[in-house]
Amino acid sequence: MKICVPSMGKTGLEDQVGQHFGKVLNYIMYDTESSEVTVIPNTSEHNGGVGLPPELMSQNGVNVMLCGGLGKKAVAMFEKYGIEVFVGAHGTIWDALKAWETGKLQKATMDNACSSHEHHDHQHSHDHHHH
């Protein structure tokens, strides 16, 4: 099984989980069978590339995506590609994988996909001063 986690860094399992899953630098893919770690650069349109993260993951054969949280639109898109999403991931990529393995992460559904994430996404805009 291939598990993908959005990452703030570019090295692998020691990176911090990226909380803005569409805007992260890389996705770290972990293969549970081979223990192989692959870094998938985020070439999606969020970063000036093409396509969306779920498509990127689908092309790489990802089965599960772990993240901090995400909105309904993203949940629907991952469902379309048959990728299971679990929310509540934090700490390092390794922490997230361990939390998932031990059943500590919650499966993302349309019910728990939060509008609070959308809010969380924009909370940094309050410090722009217009003169």
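Structure: see above.
What counts, and at which threshold
- Residues numbered from 1 in each chain as written.
- Predicted model: local features only at pLDDT ≥ 70, side-chain atom pairs only at ≥ 80, totals over all residues.
- Heavy atoms only, no water.
- Buried < 20%, exposed > 50% of the residue type's maximum accessible area, 1.4 Å probe, protein only.
- Helix = DSSP H or I, 4+ residues; strand = E, 2+ residues; numbered from the N terminus.
- Pairing = 2+ DSSP bridges.
- Phe/Tyr/Trp six-rings, centres within 6.5 Å; stacked < 30°, edge-to-face > 60°.
- Right-handed = clockwise from strand over helix to strand, strands pointing away.

S.K.: Lay out the pairing of strand 2 (residues 26-31) with the relevant residues and their values.
M.R.: Along strand 2, 6 of the 6 residues are buried, which leaves the element largely enclosed by surrounding structure. Side chains Asn26, Ile28 and Tyr30 project from strand 2 onto one buried face, and the interleaved Tyr27, Met29 and Asp31 project onto a second face that is buried too. Sheet topology places strand 1 (residues 2-7) next to strand 2; 6 bridges connect them, and they run antiparallel. Directly across from Lys2, in strand 2, lies its bridge partner Asp31. Count of turn residues in the strand 2/strand 3 (residues 37-41) antiparallel hairpin: 5 residues, of which Ser35 carries a positive phi of about 60°.

S.K.: So what's going on with the packing of aromatic side chains? Which residues, and what values?
M.R.: Going through the model one piece at a time under the given rule, you end up with 3 aromatic pairs. Note on Phe21 and Phe78: the rings are 5.5 Å apart at their centroids and 50° apart in plane angle, and the pair reads as tilted. Taken together, the residues span a long stretch of sequence, with Phe21 in the loop between strand 1 and strand 2 and Phe78 in helix 2 (residues 72-80) at a distance of 57 residues. Since its relative accessible area comes to 0%, Phe78 is described here as buried. When the ring of Phe86 is compared with that of Trp100, the centres are 6.2 Å apart and the planes differ by 75°; the resulting orientation is edge-to-face. Highlighted residues: Phe86 in strand 5 (residues 84-87) and Trp100 in helix 3 (residues 93-101), separated in sequence by 14 residues. Considered together, Phe86 and Trp100 belong to a single accessibility category, that of buried residues.

S.K.: Please set out the pairing of strand 4 (residues 64-67) residue by residue, giving values where relevant.
M.R.: Residues of strand 4 alternate between two faces, with Val64 and Leu66 on one and Met65 and Cys67 on the opposite face, all of them buried. Here 2 bridges tie strand 1 to strand 4, and the two strands are oriented parallel to one another. Residue Ile3 lies in a different strand from strand 4, and its bridge partner there is Val64. Here 4 bridges tie strand 4 to strand 5, and the two strands are oriented parallel to one another. Its bridge partner being in strand 5, Val64 is matched across the sheet by Glu84. Assessed by its sense of winding, the connection that carries the chain from strand 4 through helix 2 to strand 5 is right-handed.

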